[in-house]
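Here is what each chain is made of, one letter per residue.
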Amino acid sequence: MTDTAAAPVTPGDPFVDARAALASARSDAVAAALAPLAFSIPVRVYYEDTDAGGIVYYANWLRYFERARTEWLRSLGAAHRRLADEAGLAFVVREIAVDYRRPARLDDALQIEVRVLEAKRASWTLWQCARRDHEPAPLVSATVRIAAIRRDDGRATGFPRWLNERLAAARPQPPAVE
């Protein structure tokens, strides 16, 4: 077996990129702890969500996170159908890094959270996590970068100004220092 730590780093090496993404998902948890909660939804684990081992199948966490983002955007007035019909836009996940820490099991009651780490004109970086009800430690967390694209040609575009304004208004502001 070779020592991977001694191997030279080649730009674009997928293994280096993957390790960096995972490190990012874990370190973003620290930043997320400081970011105020933007939105949360309850989710119950059903039999259909579990694998042969009786725990939530890994890909289903992405479904839970998608539901929470969708409901959060809807709460901001940005329902997917409305954006598609009125502005010709769609939201896409540009990048995601997931950190699976502990499993959830059949009948567990979960809270799926959305926190905004960074909001730029054309992309938002979110931190999402799933917790069991009344437990502070996340079971699974993810750093997600979403972007807006034009539906007609799939090219990147900025978020609508009104949506960025609503996002800014919804984010709690730090107290003024006197």
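A few points on the structure.

Assignment of secondary structure puts Phe 39 in strand β1 (residues 37-44). C-alpha separation for the pair Phe 39 and Val 114, spaced 75 residues apart in sequence, amounts to 5.2 Å. Apart from the residues within four sequence positions on either side, Phe 39 is in contact with Ala 68, Glu 71, Trp 72, Ser 75, Ile 112, Glu 113 and Val 114.

What follows deals with the nonpolar core. Core analysis: the largest hydrophobic core is formed by 34 residues, its most contacted members being Trp 61, Tyr 64, Trp 72, Leu 110, Ile 112 and Trp 124. Of all the secondary-structure elements, those providing two or more residues to this core are β1, α2 (58-75), β2 (89-100), β3 (109-119), β4 (123-132), β5 (140-150) and α4 (161-170). Looking at this core, the element that brings in the most residues is α2, giving six residues. Tyr 64 has contacts with Val 43, Val 45, Asp 49, Val 56, Leu 110 and Ile 112, leaving out every residue within four places of it along the chain.

What follows concerns the packing of aromatic side chains. Tallied over the entire structure, the rule returns six aromatic pairs. An angle of 45° between the planes, with centres 6.4 Å apart, marks the rings of Phe 91 and Trp 124 as tilted. Pair noted here: Phe 91 is in strand β2 and Trp 124 is in strand β4, with a separation of 33 residues, a long-range link. Across the pair, exposure class does not vary: Phe 91 and Trp 124 are buried alike. These aromatic residues form a ring-pair network of at least three members: Trp 72, Phe 91, Trp 124 and Phe 159. Over the face of the ring belonging to Trp 162 we find Arg 82, whose NZ or CZ atom lies 4.6 Å from the ring centre.

Moving on, we come to the pattern of salt bridges. Opposite charge on two side chains makes pairing possible when the charged atoms of those side chains draw close. Within this structure, the stated rule accounts for 11 salt bridges. Between Arg 132 and Asp 108 there is a salt bridge, and its shortest N-O distance comes to 3.0 Å. With Arg 132 in strand β4 and Asp 108 in the loop between β2 and β3, this residue pair connects regions lying 24 residues apart in the sequence. Assigned by exposure class, Arg 132 and Asp 108 land together as buried. Where Arg 115 meets Glu 113, a salt bridge forms, and the shortest distance between an N and an O atom there is 3.0 Å. Here Arg 115 matches Glu 113 in class, with each residue buried. Salt bridges sharing common partners tie together Arg 102, Asp 108, Arg 132 and Glu 135.

Our next topic: α4. Buried within α4 we find Leu 163, Asn 164 and Leu 167. Across the axial projection of α4, the buried residues extend over an arc of 100°, all falling on one side. Facing away from the buried side of α4 by more than 90 degrees, the exposed set consists of Arg 161 and Ala 169. Against the buried residues of α4 lie α2, β2, β3 and β4.

Rules and cut-offs
Residues numbered from 1 in each chain as written. Predicted model: local features only at pLDDT ≥ 70, side-chain atom pairs only at ≥ 80, totals over all residues. Heavy atoms only, no water. Helix = DSSP H or I, 4+ residues; strand = E, 2+ residues; numbered from the N terminus. Contact = heavy atoms within 4.5 Å. Core = buried A, V, L, I, M, F, W, Y, C linked by side-chain atoms within 4.5 Å. Buried < 20%, exposed > 50% of the residue type's maximum accessible area, 1.4 Å probe, protein only. Phe/Tyr/Trp six-rings, centres within 6.5 Å; stacked < 30°, edge-to-face > 60°. Lys NZ or Arg CZ within 6 Å of the ring centre and 35° of its normal. Salt bridge = Lys/Arg side-chain N within 4 Å of Asp/Glu carboxyl O. Arc of directions from axis to C-beta.

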